[in-house]
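Residue strings, one per chain:
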Amino acid sequence: MNAAGTGMDGLFDVAVVGGGVVGCAMARRFALEGARTILLERSTDILAGPSKANSALLHTGFDATPGTLELACVRAGYAEYLEIRERLNLPLLETGAVLVAWTEEEAAKLDGILAQAHANGVTDVRRIGRDELIAREPHLATAAREAILVPGEHVIDPWSAPLGYLHQALENGAQALFSAPVERGEFDGSRWRLDTPRGSVSAALVINCAGLWGDHLDQSLLGGTDFTIRPRKGQFAVFDKAAAPYLRSILLPVPTERTKGVVLARTIFGNLLVGPTAEEQIDREHPSTDGPTLARLVEHAARLVPMLAGMPVTAAYAGLRPASEHKDYRIRAHAERRWITVGGIRSTGLTGALGIARHVWSLYEGLGSRHTAPAAPVWPRMPNIAEHLSRDFQQPGYGEIVCHCELVTRREIEAALTGPLPAGDLGGLKRRTRAMMGRCQGFYCSAHVCAIAKGRIAMPDKLGETL
């Protein structure tokens, strides 16, 4: 079991339930504002739910529905990520995006998409013709007609960012408790007592960031909820790193009413991914992949970029987005119960997290709460695992390379097992280092990695269940 902090005695100003990207960003915001904060996570590490599997894109919000809270939070989150990323050493792969029309019908929709982008404040978006599109992306199939260019869409590390958020929260006084699902709760009119298997926590206010279980937590502790989570599965296929040179930009489809569609994009780790699908399911726990769907994704990618035909696929994964019956986020302060619900955070959560945290902080201030922010907040720097930046194996004294596919050093693994927020399980160790996530998927290095980590993290029954 993993815990981070100095103890959970006394009254916390805020208890954040859920250790996904939104919960981590929330803990950071409240710690930086001076609130005594604790994060409760039911798993052994952060990012055990929807936040561990996504497209890893930093969205501008160009295609969000105008006037929505989602748009406001995505725009604010985008701006704050760019503002803080260098201080936290969070990577950014500046790719831009092209939203390509492949048919006459799709081309007819481009003017509307362009107008929406400008109305959303993303004013550098522009329409480009086929010649400029092909000059930018020479490997596209000949059916590509024209496109919308979105220069501000980029690729980020989906795991180092939330790790950095919570790390900074802890460095500035917050605490985190893992393997601590909230089993019961009671509000006495001024404070909450939350019961977990690791003990009880008292807090003046609860922020529900429980993701796929947010509606259940509202129902259980508030006695009602105004949304229902409808899990939407997204499957991804990851091409070998040899595929990356065939695409420079994020390749977006013309969206439909139901989904933004399948994306083709480079990853910050040097691969090329295609996905996600959008599959409704009832099960909130098991985002499995299946061969026929992955084959269709790979075929789709090869139709758009023919050079991908026959390119090896080295990994596949799936995640569940905590969508609800509503198109906008479900964020609401229950003032009389000292509770704020943060629900229905869909696929834009990675970008929107920092903006969501700022919005919730404003709701909290509206309840009359005041704190004194640290005069000199700590800014920890995250280890870099992005392919295009300097890596640990390129620095002297790394000692030993353990994972030869991803060039992960023993020094990186040891560092991920220590510090204020050490890996709590093998999945967390993989997300912090990239060990076992290369071409062989751990075939050659998993035994060595597990030997290093033995006795220091929770081990899975099967290594394939650890992402």
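Quantities reported herein were computed from a predicted structural model and do not represent experimental measurements.

### Here we look at helix 7 (residues 214–222)
Every α-helical turn comprises 3.6 residues, leaving residues that sit three or four positions apart pointing alike. If you check which residues of helix 7 are buried, you get Gly214, Asp215, Leu217, Asp218, Leu221 and Leu222. Projected down its long axis, helix 7 shows its buried positions confined to an angular sector of 160 degrees, all on one face. Looking at the buried side of helix 7, the elements it contacts are strand 3 (14–17), strand 12 (184–187), strand 13 (192–196), strand 15 (206–208), strand 22 (330–334) and strand 23 (339–343). Just downstream of helix 7, Gly223 is the residue with a positive phi angle, here 85 degrees.

### Re the pairing of strand 7 (residues 97–101)
Most of strand 7 is tucked away, with five of its five residues classed as buried. As judged from the five bridges shared by strand 7 and strand 9 (residues 146–150), these two strands associate in the antiparallel manner. Within strand 9, the residue paired with Leu99 across the bridge is Ile148. Note that strand 7 and strand 17 (residues 250–252) share three bridges and pair parallel. Bridged to Val98 within strand 17 is Leu251.

### Re the nonpolar core
In terms of nonpolar packing, the biggest core is built from 78 residues, with Met26, Tyr165, Leu166, Ile207, Val342 and Ile356 touching the most fellow members. Sequence-distant contacts of Met26, defined by excluding residues within four places in its chain, comprise Val16, Ile207, Cys209, Val342, Ile356, Ala357 and Val360. Counting 25 residues, the second largest nonpolar core, distinct from the first, contains Leu133, Ala147, Leu247 and Met311.

### Focus: the packing of helix 1 (residues 21–32) against helix 6 (residues 160–171)
As a packed pair, helix 1 and helix 6 sit with axes 8 Å apart at the nearest point and diverge in direction by 30 degrees. One element, helix 1, and the other, helix 6, form an angle in the roughly parallel class. Crossing geometry of helix 1 relative to helix 6 is assigned as left-handed. Where helix 1 approaches helix 6, its residues Val21, Cys24, Ala25, Ala27, Arg28, Ala31 and Leu32 are matched on the opposing element by Pro162, Tyr165, Leu166, Gln168 and Ala169. Classifying every residue of the contact of helix 1 with helix 6 by side-chain character gives 10 nonpolar, one polar and one charged.

### Comments concerning the side chain of Lys233
With respect to the helices and strands, the residue Lys233 is situated in strand 16 (residues 232–239). Looking at Lys233, the relative accessible area reads 7%, which means it is buried. Engagement of the side chain of Lys233 in a polar contact is seen with the backbone oxygen of Ser288, the distance being 2.9 Å. When neighbours within four sequence positions are excluded, Lys233 is seen to be in contact with Thr277, Ala278, Glu279, Gln281, Pro287, Ser288, Ala318, Gly319, Leu320 and Arg321.

### Some details on the pattern of salt bridges
Evaluation of the coordinates by the stated rule reveals 29 salt bridges. A salt bridge links Arg432 to Asp45; the nearest nitrogen and oxygen atoms lie 2.7 Å apart. Of this pair, Arg432 sits in helix 11 (residues 426–433) while Asp45 sits in the loop between strand 4 (37–40) and strand 5 (57–58); the two residues are 387 residues apart in sequence, bridging distant segments of the chain. Comparing Arg432 with Asp45 shows no difference in burial state: the two are buried. One salt bridge in this structure joins Glu80 and Arg358, with 2.7 Å as the shortest N-O distance.

### A word on the environment of Leu11
Within the element layout of this structure, Leu11 appears in strand 2 (residues 11–12). Placed 191 residues apart in sequence, Leu11 and Ser202 show a C-alpha to C-alpha distance of 5.1 Å. Residues contacting Leu11, with those up to four places away along its chain left out, are Arg36, Arg191, Ser202, Ala203 and Ala204.

### Looking at the packing of aromatic side chains
What the rule picks out here adds up to eight aromatic pairs. Taken together, a centroid distance of 5.0 Å and an interplanar angle of 75 degrees make the contact between Phe30 and Tyr364 edge-to-face. Of this pair, Phe30 sits in helix 1 while Tyr364 sits in helix 9 (residues 349–366), placing them 334 residues apart in sequence. Pairing Trp192 with Trp339 gives two aromatic rings, centres 5.1 Å apart and planes at 55 degrees, and the pair type is tilted. You can see Trp192 sitting in strand 13 and its partner Trp339 sitting in strand 23, a full 147 residues away along the chain. Under the relative-accessibility criterion, Trp339 is labelled buried at 0%. One aromatic cluster is present, formed by Phe30, Trp361 and Tyr364 through successive ring pairs. Here the basic side chain of Arg284 rests over the ring of Trp213, its NZ or CZ set 5.4 Å away from the ring centre. Directly above the ring of Phe269 sits Arg434, whose terminal nitrogen or CZ lies 4.1 Å from the centroid.

### Re the domain arrangement of the protein chain
By domain assignment, the protein chain separates into domain 1 (1–91 + 156–229 + 322–383) and domain 2 (392–453). Computed from C-alpha atoms alone, the centre-to-centre distance between domain 1 and domain 2 is 28 Å. Taken together, the contact pairs 15 residues of domain 1 with 11 residues of domain 2. Of the roughly 1100 Å² buried between domain 1 and domain 2 on both sides combined, carbon and sulfur atoms contribute 62%. Linking domain 1 to domain 2 there are one salt bridge. Per element, the largest residue contribution to the side of domain 1 that touches domain 2 is five residues, and it comes from helix 6. Looking at the side of domain 1 that touches domain 2 residue by residue, the classes come out as nine nonpolar, three polar and three charged.

### Looking at the sheet that holds strand 6 (residues 92–93)
Pairing within the open sheet is antiparallel, and its three strands lie in the order 5-10-6. Among the strands making up the open sheet, the edge pair consists of strand 5 and strand 6. In the sheet, strand 6 pairs with strand 10 (residues 154–156) via two bridges, with the strands oriented antiparallel. Of the residues in strand 10, the one forming a bridge with Leu92 is Ile156.

### Thoughts on the packing of helix 1 against helix 9
Axis separation between helix 1 and helix 9 bottoms out at 8 Å; the angle between their running directions is 45 degrees. The pairing of helix 1 with helix 9 is recorded here as oblique in orientation. Crossing of helix 1 over helix 9 shows right-handed handedness. Counting all contacts with helix 1, which are made through Val21, Val22, Ala25, Met26, Arg28, Arg29 and Phe30, the residues of helix 9 involved are Gly349, Leu350, Ala353, Leu354, Ile356, Ala357, Arg358, Val360, Trp361 and Tyr364. Residue composition of the contact of helix 1 with helix 9, by class: 13 nonpolar, one polar and three charged.

Rules and cut-offs
Residues numbered from 1 in each chain as written. Predicted model: local features only at pLDDT ≥ 70, side-chain atom pairs only at ≥ 80, totals over all residues. Heavy atoms only, no water. Buried < 20%, exposed > 50% of the residue type's maximum accessible area, 1.4 Å probe, protein only. Helix = DSSP H or I, 4+ residues; strand = E, 2+ residues; numbered from the N terminus. Arc of directions from axis to C-beta. Contact = heavy atoms within 4.5 Å. Pairing = 2+ DSSP bridges. Core = buried A, V, L, I, M, F, W, Y, C linked by side-chain atoms within 4.5 Å. Axes fitted to C-alpha atoms, helices over the stretch in contact; angles between N-to-C directions. Parallel < 35°, antiparallel > 145°, perpendicular 65-115°, else oblique. Left-handed = near helix turned anticlockwise from the far one by under 90°. Nonpolar A, V, L, I, M, F, W, Y, C, P; charged D, E, K, R; others polar. Polar contact = N/O pair within 3.5 Å; in protein donor to acceptor, adjacent residues only side chain to side chain. Salt bridge = Lys/Arg side-chain N within 4 Å of Asp/Glu carboxyl O. Phe/Tyr/Trp six-rings, centres within 6.5 Å; stacked < 30°, edge-to-face > 60°. Lys NZ or Arg CZ within 6 Å of the ring centre and 35° of its normal. Domains from an automatic or database assignment. Buried area = accessible area lost by both parts, 1.4 Å probe.

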